Amino acid sequence: MKNYGEIKNLPFKSLHGISDKTIDIHWGKLYQGYVKKWQEIQDKLKIVDLSQANATFSELRELKVEQTFTANAVLLHEAYFDILGGQGQPAGEIIEAIKKDYGSFEEWAVHFKALGMASRGWVILAYDFNEGILRNYIADAHNLYGIWGAAPIVVLDMYEHAYFIDFGSDKKSYIETYFQNLNWESIEKKFNKVAGRN
Ligand SMILES: [Fe+2]
């Protein structure tokens, strides 16, 4: 069961090519900050004045908007860190599923990497419960362009905080390094858990 208000452990000690400093800031500060904000929003929702509800501006509206921003920030960051710390060797049923929906693993990877250059926030290979397929998506912010009924499987953080210390503006090198750090065993576990719910 998911609890957005609980800090999850980092599943690796270090990465190849992505510095400890980046991870300290990203996981230690930014991700944990989202978890704390989630709790603050839940607490404020318990006492918000419902009689002041207003679609132009109201405390209720603002809390409900930022609730989606914060929940997705926690969810996507955990999904990103969860699948790093490996050797980048693709394996498992997930690869067969990718082939089925994208023709080949390579074609999928080219598409996913291109989306890394096109996104202002996230790239997400999601399992769509409605169609029973895998599809790549982008999200320019945590709560922008998500679709209902799809679960993130492979998640790439393209916010500058994820790469700028180590790669400057060289997004391509960051994306290649990310692929080299992917843990396909973790991805497989996530895929089996999610696809098995159908
Ligand atoms: Fe991030």
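The structure displayed is predicted, hence computed values, not measured ones. (Residues numbered from 1 in each chain as written. Predicted model: local features only at pLDDT ≥ 70, side-chain atom pairs only at ≥ 80, totals over all residues.)

Novice: A description of the environment of Gly 149 should follow, citing residues and the corresponding values.
Specialist: Checked against the element boundaries, Gly 149 lands in the loop between strand E2 (133–139) and strand E3 (150–157). In this structure, the C-alpha to C-alpha distance between Gly 149 and Asn 130, residues 19 residues apart in sequence, is 6.5 Å. Apart from the residues within four sequence positions on either side, Gly 149 is in contact with Asp 128, Phe 129 and Asn 130. (Helix = DSSP H or I, 4+ residues; strand = E, 2+ residues; numbered from the N terminus. Contact = placed C-beta atoms within 7 Å.)

Novice: Tell me about the packing of helix H1 (residues 20–47) against helix H2 (residues 59–82), and please be specific about residues and values.
Specialist: It is the contact of H1 with H2, at a shortest axis distance of 9 Å, that shows an interaxial angle of 145 degrees. The two elements H1 and H2 cross, and the hand of that crossing is left-handed. Packed against H1, whose contacting residues are Trp 27, Tyr 31, Tyr 34, Val 35, Lys 37, Trp 38, Ile 41, Lys 44 and Leu 45, the element H2 presents Leu 63, Glu 66, Gln 67, Thr 70, Ala 71, Ala 73, Val 74, His 77 and Phe 81 at the interface. By residue class, the composition of the contact of H1 with H2 is 12 nonpolar, three polar and three charged. (Axes fitted to C-alpha atoms, helices over the stretch in contact; angles between N-to-C directions. Left-handed = near helix turned anticlockwise from the far one by under 90°. Nonpolar A, V, L, I, M, F, W, Y, C, P; charged D, E, K, R; others polar.)

Novice: So, the sheet that holds E2: which residues are in play, and what are the values?
Specialist: Here three strands make up an open sheet; going across it, the order is E2-E1-E3 and the pairing antiparallel. Every interior strand has two partners, whereas the edge strands, E2 and E3, have only one. Mean inter-strand twist for the sheet, computed between neighbouring axes without regard to direction, equals 25 degrees. Inspection of the sheet shows strand E1 (residues 122–128) paired to E3 by seven bridges, in the antiparallel sense. By the bridge assignment for E3, Ile 124 is matched with Val 155. (Pairing = 2+ DSSP bridges.)

Novice: Which residues make up helix H6 (residues 171–180), and what values go with them?
Specialist: Residues of H6 that are buried include every one of Tyr 174, Ile 175 and Tyr 178, and no others. Angularly, the buried residues of H6 cover 100 degrees about the axis, an arc narrow enough to put them on a single face. Of the surrounding elements, those touching the buried residues of H6 are helix H4 (105–118), E3 and helix H5 (164–167). (Buried ≥ 20, exposed ≤ 12 C-beta atoms within 10 Å, placed from the backbone. Arc of directions from axis to C-beta.)

Novice: Kindly report on the packing of helix H3 (residues 93–102) against helix H7 (residues 184–195), identifying the contributing residues and their values.
Specialist: The packing of two helices is summarised by the inter-axis angle and the distance between the axes. As a packed pair, H3 and H7 sit with axes 8 Å apart at the nearest point and diverge in direction by 70 degrees. Compared by their axis directions, H3 and H7 come out roughly perpendicular. Taking contact as the criterion, the partners of Glu 93, Ile 94 and Ala 97 in H3 are, on H7, Ile 187, Glu 188, Phe 191 and Asn 192. (Parallel < 35°, antiparallel > 145°, perpendicular 65-115°, else oblique.)

Novice: Tell me about unusual backbone geometry, and name the residues and values.
Specialist: Positive phi outside glycine occurs at Tyr 145, with the angle close to 75 degrees. Using a count of 13 C-beta atoms within 10 Å as the deciding quantity, one classes Tyr 145 as partly exposed.

Novice: Residue-level account of the nonpolar core, with values.
Specialist: Counting 38 residues, the largest nonpolar core has Trp 122, Ile 124, Ile 153 and Val 155 as the members making the most contacts within it. Among the domains, domain 1 (20–82) and domain 2 (93–195) are the pair contributing at least three residues each to this core. In this structure, Val 155 is in contact with Leu 76, Ala 79, Tyr 80, Ile 83, Trp 122 and Ile 124, ignoring residues within four places of it in sequence. (Core = buried A, V, L, I, M, F, W, Y, C linked by C-beta atoms within 7 Å. Domains from an automatic or database assignment.)

Novice: Before we move on, can you summarise the domain arrangement of the protein with the specific residues and values?
Specialist: The domain architecture assigned to the protein consists of domain 1 (20–82) and domain 2 (93–195). Summarising the inter-unit geometry, the C-alpha centres of domain 1 and domain 2 are found 22 Å apart. Counting residues at the interface gives 13 residues for domain 1 and 12 residues for domain 2. Taken together, the elements giving at least two residues each to the side of domain 1 that touches domain 2 come down to H1 and H2. Sort the elements by how many residues they give to the side of domain 1 that touches domain 2 and H2 lands first, with eight residues. A per-class count over the side of domain 1 that touches domain 2 returns seven nonpolar, four polar and two charged.

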